[in-house]
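Summary of the model geometry
These are the residues of each chain, in order.
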Amino acid sequence: MFESTKAVRDFTLWPLCIRWRLRYRAGMKLIIDTDPGIDDAMAIAYAAAAPDIELIGLTAVFGNTHVRQSSRNARYLVDRLGMNIPVAEGAPFARGESSHAPSEHVHGPEGFGDFTEIPQIGENHTLPAAEFLVEMARVHRGELVVCAVGPLTNIADAIRLDPEFSRNLCKLVIMGGAVFCRGNITEHAEANIYHDAKAADEVFAAPPPTVLVGLDVTLKTLYETADFDDLARRSRDMGGFLRDISRFYLKFYKEIGGLEGCGLHDSTAVIACTHEPMFEMVDTGLNVVLDGPEIGATRCDPTRPLVQVCRDVDGAGVVRLFTERVSSLP
């Protein structure tokens, strides 16, 4: 049960963010690094609806789908939401790999469950994802938040590309990891970290100000069939779309975990960008196991720079907030 809303943090890690908060009063400038993905679609819809978020772009990465499916799905969502923001396509494979097997059994063959006739709408941004992230962090220095809800390859590439990237960000919020609980792709590892353990370890070795929103909290934000039905009644177009594509996802959760709902994994990470008091956090360094049976495991490491790891969440509050905000969409 969630009892504390006070995040434990070392504010010396957040100099740019503090200055930003003092002067910035409009919506938080946000880029979502994504691999849509059913729960990614939910998170993007939430960001589009949230009055305290200014979504300025999406970057696509491999993960739930191949990267070209990810960018196509992202462009489709942008169009369906009536937004005019860029989508930059990024890494097709993990560090040192030349192929990728998408999570078709979880998200369906095209990423959106049984909805497989997804049109190609528009074009990707001219810059690849890592360069786009570097450029946007430079343009919006001290203001930009990046929420990474897929493998961390694009983020690691941006850090390699520009030594100033980490210092230019306000913060990085990651949906990934299972620091104090079991994994979901293996006993030890969460899927986003597992799919590129090397990139994740690079990010944790020299992170920007970072919040890790892992399975420790996202599995406490269960969204059930009745919640999807309520969402569809209140938001007939977008809510109905999310309900329809999520039937595939809910079936997976039922068959594999015996659960009557799905975790709001990616949406919880986006909510953490703007609603930190809903989370209980601890500061710790992290590393990622890079080989052997525990590959992809996220481990506390006192020799690494501190990141904020979410240990508890007001799960019912996250569910209510998600429904309230997405229900405002047509």
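Data block above holds the structure.
Definitions and limits used
- Residues numbered from 1 in each chain as written.
- Predicted model: local features only at pLDDT ≥ 70, side-chain atom pairs only at ≥ 80, totals over all residues.
- Heavy atoms only, no water.
- Phe/Tyr/Trp six-rings, centres within 6.5 Å; stacked < 30°, edge-to-face > 60°.
- Helix = DSSP H or I, 4+ residues; strand = E, 2+ residues; numbered from the N terminus.
- Buried < 20%, exposed > 50% of the residue type's maximum accessible area, 1.4 Å probe, protein only.
- Lys NZ or Arg CZ within 6 Å of the ring centre and 35° of its normal.
- Polar contact = N/O pair within 3.5 Å; in protein donor to acceptor, adjacent residues only side chain to side chain.
- Pairing = 2+ DSSP bridges.
- Salt bridge = Lys/Arg side-chain N within 4 Å of Asp/Glu carboxyl O.
- Axes fitted to C-alpha atoms, helices over the stretch in contact; angles between N-to-C directions.
- Parallel < 35°, antiparallel > 145°, perpendicular 65-115°, else oblique.
- Contact = heavy atoms within 4.5 Å.
- Nonpolar A, V, L, I, M, F, W, Y, C, P; charged D, E, K, R; others polar.

1. A short note on the packing of aromatic side chains
- With the rule as written, the count across this model stands at 10 aromatic pairs.
- Where Phe112 meets Phe241, the ring centres are 5.7 Å apart and the plane angle is 90 degrees; that geometry is what we call edge-to-face. One end of the pair, Phe112, is in the loop between α4 (104–107) and α5 (129–139); the other, Phe241, is in helix α12 (residues 238–257), with 129 residues separating them in the sequence. In terms of burial, Phe112 and Phe241 fall into one category: buried.
- Among the aromatic residues, ring-to-ring pairing joins Tyr46, Tyr223, Phe228 and Phe322 into one connected group.
- Directly above the aromatic system of Phe180 lies the positively charged group of Arg311, at a separation of 3.9 Å from the ring centroid.

2. Some words on the side chain of Thr210
- Summarising the element assignment, Thr210 is placed in strand β6 (residues 210–213).
- One polar contact links the side chain of Thr210 to the main-chain carbonyl oxygen of Pro208, over a distance of 2.6 Å.

3. A look at the pairing of strand β12 (residues 307–313)
- A large share of β12 lies buried, amounting to 6 of its 7 residues.
- Of the strand pairs in this sheet, β6 and β12 are connected by 2 bridges, and their pairing is parallel. From the neighbouring strand, Val211 faces β12, where its bridge partner is Gln308.
- Relative to β12, strand β9 (residues 279–284) runs antiparallel, the two being bridged by 6 bridges. Bridge assignment links Thr284 to a residue of β12, and that residue is Val307.

4. Some words on the pattern of salt bridges
- Summed over the entire model, instances satisfying the criterion amount to 21 salt bridges.
- In this structure, Arg95 and Glu202 form a salt bridge, with 3.1 Å as the shortest nitrogen-oxygen distance. Linking Arg95 in the loop between β3 (87–89) and α4 with Glu202 in helix α9 (residues 197–205), this pair joins segments that are 107 residues apart in sequence.
- Note on Arg95: relative accessible area 14%, which makes it buried.
- Its relative accessible area of 26% is what places Glu202 among the partly exposed residues.
- Where Arg182 meets Glu187, a salt bridge forms, and the shortest distance between an N and an O atom there is 3.7 Å.
- Each of Arg95, Asp157, Arg160 and Glu202 takes part in a single network of salt bridges with overlapping partners.

5. Topic: the environment of Ile256
- With respect to the secondary-structure elements, Ile256 resides in helix α12.
- A sequence separation of 187 residues divides Ile256 from Gln69, and the C-alpha atoms of the two residues are 25 Å apart.

6. Looking at the packing of helix α13 (residues 265–274) against helix α14 (residues 315–326)
- Taken N-terminus to C-terminus, the directions of α13 and α14 make an angle of 90 degrees; their axes are 11 Å apart at the nearest point. The pairing of α13 with α14 is recorded here as roughly perpendicular in orientation. Only Val318, Leu321 and Phe322 of α14 make contact with α13, whose side of the interface consists of Ser267, Thr268 and Ile271.
- Residues of the contact of α13 with α14, tallied by class, amount to 4 nonpolar, 2 polar and no charged.

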